[in-house]
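These are the residues of each chain, in order.
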2 protein chains.
Amino acid sequence: MSRDICVCLDFLEDHHRTQIENTAARGGMSVHFFTPDQREQALAFVPQAEVLYSNIPALLQAGRQLKWYCCCYAGVDNYCAHPELFPNDECVLTNSNVYGLTIAEHTVMAALMLLRRMPEYMDRVARHEWTGGLAIGSIHGITAVLLGTGQIGQCVAERLRALGAARIIGVNRSGRPAPGFDETHPTGELDAVLPKAELLVMAVPGTGETRHILSRERIALLPERAYVINVGRGGAVDQQALMDALNAGRIAGAALDVVEPEPLPPEHPLWETKNLLITPHVSGNLTLAYTRDRNVDSFCEELGNYIAGRPLAHAVDRTRGY
Amino acid sequence: MSRDICVCLDFLEDHHRTQIENTAARGGMSVHFFTPDQREQALAFVPQAEVLYSNIPALLQAGRQLKWYCCCYAGVDNYCAHPELFPNDECVLTNSNVYGLTIAEHTVMAALMLLRRMPEYMDRVARHEWTGGLAIGSIHGITAVLLGTGQIGQCVAERLRALGAARIIGVNRSGRPAPGFDETHPTGELDAVLPKAELLVMAVPGTGETRHILSRERIALLPERAYVINVGRGGAVDQQALMDALNAGRIAGAALDVVEPEPLPPEHPLWETKNLLITPHVSGNLTLAYTRDRNVDSFCEELGNYIAGRPLAHAVDRTRGY
């Protein structure tokens, strides 16, 4: 009986397919590739597959014999919230921790755009108005608080450090140290570090625990000069409280790449909130060649683990949510 | 007879004034401070001053006994083009090379905005449209050509390196090596390096030699995926040729912080050029506290040289223009 891998993704190039096939061949496995528009064929094939590499919940549901589902995204909150998607309790879920670089570049860009008052300058430019003079800030010398110290947080920390940030404070569930941070604190100490945050970067997974973790009360703890950047999940922010704080000038500005709901409806008040830079969930994604290459690298590395019978490095604790 | 320093600037705070006074006192000099709205008083005083620290040409013209004029800006092309502004041939002109950090942060921001298609995303967001999916690029792995390897170019190179640029090529008049560059070439070799430029950053002074240095012919040498950023002087670019290339999609995009003329008239076609990010000459400026502090530090350091009879470190060759 052949051991089959079902791959259904829209971003693969020939060299990716060869790389996956070569890795699979070393374990005597064979790979069947589908694109998302070959959904019916993929659905017909997946019941016999042992491994699925995709981002389509319906395929997972149809995979009666799956032992491993590799999701090509980093955020797998939807899968963790819906155990019925897994037709087979033994099926291990892994996510792809390869978005750090692109999300960190987005974060650096957004931080500089906020610090340098670009939303205001771009309004002027849209009106064909040539006037300068706005007081600006710098990453050099800044104190940043990063809520989330995983792969994304670490890539952000590395870049803020290189650009001269004075102090980089990490906050995570347990307070465990993470590379690139001057200090790390458990979530329980978040209230104590927020008053220091000139820049607050949020890169936490969407779980019950992180829901509205940036609450109205915590927004009130931020200094007036603070900028907030969220690249994790929209639900981590009390969005109404953030809109209120921005419109009242209680904090200096924010950049949201994730919101609630997505897609954001055209009439939503968030679009017209003061000093808010909105981007349509594009900080990560597979739009960058580097990320696509690392995604396949990461799957192949993990496939090596799978074939050798080693534990999967990016296995998700579905009850914890990440 | 007292040896007088005339300072006429709008950005000084008390600690800056104390710092200047203390430095001057060590050489037995006394400092007279004016703000630009005390122009008449400053004009009445400057004829007896030996040193002027300002950015007002009329004060320089009235300074009959000036031995040193410290301009608080980096670009002094206007002074070099107008020798009649100097009432006294012995008067040394120095500029302030303290804008590297703020201009480099602008450049990193602009590069990421272009690579990550922010002008297009911001158009969508202005229309309350939540759609992603545009193919983006990264500073990681990029080949950058920096035209100008002075303080500004070096600060840009340092940041591109930290963000993972693969190759940083410098171009300057003589081809002399500069810190942070993988290779440097004389301007005569510019045509040979332009085809390699995925990112071209221009930070050259405004001189006869740099006028339209990015000519129509040279724009044609850039690869289609190239982005151009100009933070030096507008005249360094053949603006009509750049508009043509952008509107035709011949290169991927550009960010101009300097243009011709400034202010850019509301009806100018540059405002509506495709894939062009315009900012109103704000990459440098004294809008950042760090830059203001370094400006005063730099003047005081140079004042130490002046008092000790040492050559001034930032003396400008007025015939060369920088």
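Quick caveat: nothing in here was measured; it's all calculated off a predicted structure.

A. Spatial organisation of helix α7 (residues 151-162) of chain A. Residue and element names in this part refer to chain A. A rise of 1.5 Å per residue sets the reference length of α7, with its 12 residues, at 16 Å; its end C-alpha atoms lie 17 Å apart and thus fit the reference within 8%. Here α7 has its buried residues at Ile-152, Gly-153, Cys-155, Val-156, Ala-157, Arg-159 and Leu-160. Positive phi appears at Gly-164, one or two residues downstream of α7, with a value of about 95 degrees.

B. A look at the interface of chain A and chain B. Counting from both sides, the interface comprises 47 residues of chain A and, opposite them, 47 residues of chain B. Summed over both sides, the interface of chain A with chain B buries roughly 4300 Å², with 71% coming from carbon and sulfur. The largest share of the area that chain A buries against chain B comes from Arg116(A), His128(A) and Trp130(A), three residues that together contribute 20% of it. Across the contact surface, chain A and chain B share 0 salt bridges. Taken together, chain A and chain B are joined by 16 residue pairs in polar contact (both at pLDDT 80 or more).

C. Seen up close, the domain arrangement of chain A. Residue and element names in this part refer to chain A. You can read the domains of chain A as domain 1 (3-98 + 288-308) and domain 2 (100-278). Placing a centre on the C-alpha atoms of domain 1 and another on those of domain 2 gives a separation of 33 Å. Both sides together, the interface formed by domain 1 and domain 2 hides about 550 Å², and carbon and sulfur atoms give 56% of it. Our count for the contact surface shared by domain 1 and domain 2 stands at 1 salt bridge. A salt bridge links Asp-77 to Arg-233; the shortest N-O distance between them is 2.9 Å. At the boundary of domain 1 and domain 2, one finds 3 residue pairs in polar contact (both at pLDDT 80 or more). When grouped by side-chain class, the residues that make up the side of domain 1 that touches domain 2 number 3 nonpolar, 3 polar and 1 charged.

D. Spotlight on the packing of aromatic side chains. Tallying each qualifying case throughout the model produces 12 aromatic pairs over all chains. Ring geometry for Tyr69(A) versus Tyr79(A): centroids 5.2 Å apart, planes at 65 degrees, classification edge-to-face. Separated by 10 residues along the polypeptide, Tyr69(A) in strand β4 (residues 68-71) and Tyr79(A) in helix α4 (residues 77-81) bring together distant segments of the chain. Relative accessible area serves as the criterion here: at 0%, Tyr69(A) is assigned to the buried category. A network of ring pairs unites the aromatic residues Tyr53(A), Trp68(A), Phe299(A) and Tyr306(A) as a single cluster. Against the face of Tyr290(B) rests Arg294(B), its NZ or CZ located 4.8 Å from the ring centre. The residue whose ring lies beneath Arg320(B) is Tyr322(B), and the NZ or CZ to ring-centre distance is 4.0 Å.

E. Here's a closer look at the packing of helix α5 (residues 100-115) of chain B against helix α7 (residues 151-162) of chain B. All names here are of chain B. Interaxial distance between α5 and α7 falls to 8 Å at its minimum, and their mutual angle equals 50 degrees. Taken together, the axes of α5 and α7 are oblique relative to one another. Seen along the crossing, α5 lies across α7 with a hand that is right-handed. Two secondary-structure elements touch here, α5 through Gly-100, Leu-101, Ile-103, Ala-104, Glu-105, Thr-107 and Val-108 and α7 through Gln-151, Ile-152, Cys-155, Val-156 and Arg-159.

How each quantity is defined
- Residues numbered from 1 in each chain as written.
- Chains lettered and ligands numbered in written order.
- Predicted model: local features only at pLDDT ≥ 70, side-chain atom pairs only at ≥ 80, totals over all residues.
- Heavy atoms only, no water.
- Helix = DSSP H or I, 4+ residues; strand = E, 2+ residues; numbered from the N terminus.
- Expected span 1.5 Å × (residues − 1).
- Buried < 20%, exposed > 50% of the residue type's maximum accessible area, 1.4 Å probe, protein only.
- Contact = heavy atoms within 4.5 Å.
- Buried area = accessible area lost by both parts, 1.4 Å probe.
- Salt bridge = Lys/Arg side-chain N within 4 Å of Asp/Glu carboxyl O.
- Polar contact = N/O pair within 3.5 Å; in protein donor to acceptor, adjacent residues only side chain to side chain.
- Domains from an automatic or database assignment.
- Nonpolar A, V, L, I, M, F, W, Y, C, P; charged D, E, K, R; others polar.
- Phe/Tyr/Trp six-rings, centres within 6.5 Å; stacked < 30°, edge-to-face > 60°.
- Lys NZ or Arg CZ within 6 Å of the ring centre and 35° of its normal.
- Axes fitted to C-alpha atoms, helices over the stretch in contact; angles between N-to-C directions.
- Parallel < 35°, antiparallel > 145°, perpendicular 65-115°, else oblique.
- Left-handed = near helix turned anticlockwise from the far one by under 90°.

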